[in-house]
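# Working through the structure, step by step
Single-letter residue listing:
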Amino acid sequence: MPRDRAGTFEPVILPKHQTRFTGFDDKIIWMYARGMTTREIEAHLKEIYGVEVSPALISQVTDAISEEVKLWQNRALEPMYGIVYLDALYVKMRHEGRVENRAVYVALGVDLEGRKEVLGLWTSANEGAKFWLTVLTELKNRGVKDMLIVCVDGLKGFPQAIEAVFPQAQVQLCIVHLVRASLNYVSWKDRKQVAAALKPIYRATTAVEAEVNLEEFIATWGGKYKAIGKLWKENWERVIPFFAFPEEVRKVIYTTNAVEALHRGLRKITKTRGSFPTEEAALKLLYLALQNISAKWDTVQQWRQAMNQFEVLWGDRIRAAQKGVAA
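Residues numbered from 1 in each chain as written. Predicted model: local features only at pLDDT ≥ 70, side-chain atom pairs only at ≥ 80, totals over all residues. Heavy atoms only, no water.

### Comments concerning the pairing of strand β4 (residues 146-152)
Most of β4 sits out of view: seven of its seven residues are buried. Where strand β1 (residues 80-95) lies against β4, five bridges are found, and the strand directions are parallel. Looking at β4, one finds that M80 is bridged to D146. With four bridges connecting them, β4 and strand β5 (residues 170-173) associate as parallel partners. Bridge pairing in β5 links V150 to V171. Handedness of the crossover joining β4 and β5 through helix α6 (residues 158-165) is recorded here as right-handed. (Buried < 20%, exposed > 50% of the residue type's maximum accessible area, 1.4 Å probe, protein only. Helix = DSSP H or I, 4+ residues; strand = E, 2+ residues; numbered from the N terminus. Pairing = 2+ DSSP bridges. Right-handed = clockwise from strand over helix to strand, strands pointing away.)

This is the structure in structure tokens:
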């Protein structure tokens, strides 16, 4: 910094006692949040600003996010969510000296105003109902008193884990996952026909009609693919809850597409990394990516119609949660 005899010189671009100009850290975080590696950020800053930035400085700037992540992960939550989608994605990260695919558990909630909110991120070696029980217990400890509908895939023991913590919650199996699981039993040449034969079941007008269509499916394909009929019958009570709602509301309820769309956005960011050095580094990047993705979210479509139905079915619980007491 230039010096003058009277000491009156005041730098403009880089104020006194600062080592980086205003907004410089934000630019590093912006690039990091979009999946750029430390080396790519270093090269980009040199090309754009003509300055050399050390990897240590970039790490120092991004590490400042870690405290923000902890505060976000432990923040208080709404007392009730109309729908909660639970699913996991896998991310490569180093754990105990080895690089392995680890599950990142994601809870996506829709509050009573129809706004989507990621409730938290958790990591584990793999996806299992036992760990989901821990996640759900943490959500309850952070203020969630009730969930109306919880949409999940077909993970064994998952519904029981949910009901252990939120006994009044209506568990809805994701129809898309159930169809995919069914097609795993089918030879390649029969896949289109079987998929078409399954459609009348979940496209039925009522649960009674759906059950009739299931029996017709079993009569046609049960001899060749007995396991499919067994799969649907075993999960039937978790399949049919969405039939209580009108057609325009069903698509919001019977699939985990909302959280899967979120996963696609997160994978776009993580795919540029071979692996993460730590779980903390993975969560830091996923958190930053979430902030960018959620900024574009709108209120869930057809939410007013859904809430009208929820009021009829669970009005007492909704009013109790809004007053801040458990139903």
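Back to the write-up after that little detour.
### Observations regarding the environment of L262
As for its placement among the helices and strands, L262 is situated in helix α13 (residues 257-270). Classification of L262 by relative accessible area gives buried; the value is 3%. Residues L262 and L290 lie 28 residues apart in sequence; the distance between their C-alpha atoms is 8.3 Å. If we ignore the near neighbours within four places in the chain, the residues touching L262 are V106, V118, L290, I293 and W297. (Contact = heavy atoms within 4.5 Å.)

### A closer look at the pattern of salt bridges
If you walk through the whole model with that rule in mind, you get 14 salt bridges. In this structure, the salt-bridge partner of D146 is R317, at a minimum N-O distance of 2.8 Å. Of this pair, D146 sits in strand β4 while R317 is found in helix α15 (residues 303-322), placing the two residues 171 residues apart along the sequence. Comparing D146 with R317, the two get one shared label, buried. Taking the shortest distance from any N to any O, the salt bridge between R319 and D316 comes out at 2.8 Å. Taken together, the positions of R319 and D316, both in helix α15 and three residues apart, correspond to about one turn of that helix. A residue is classified by how much of its surface remains accessible, and D316, at 61% relative accessible area, is exposed. (Salt bridge = Lys/Arg side-chain N within 4 Å of Asp/Glu carboxyl O.)

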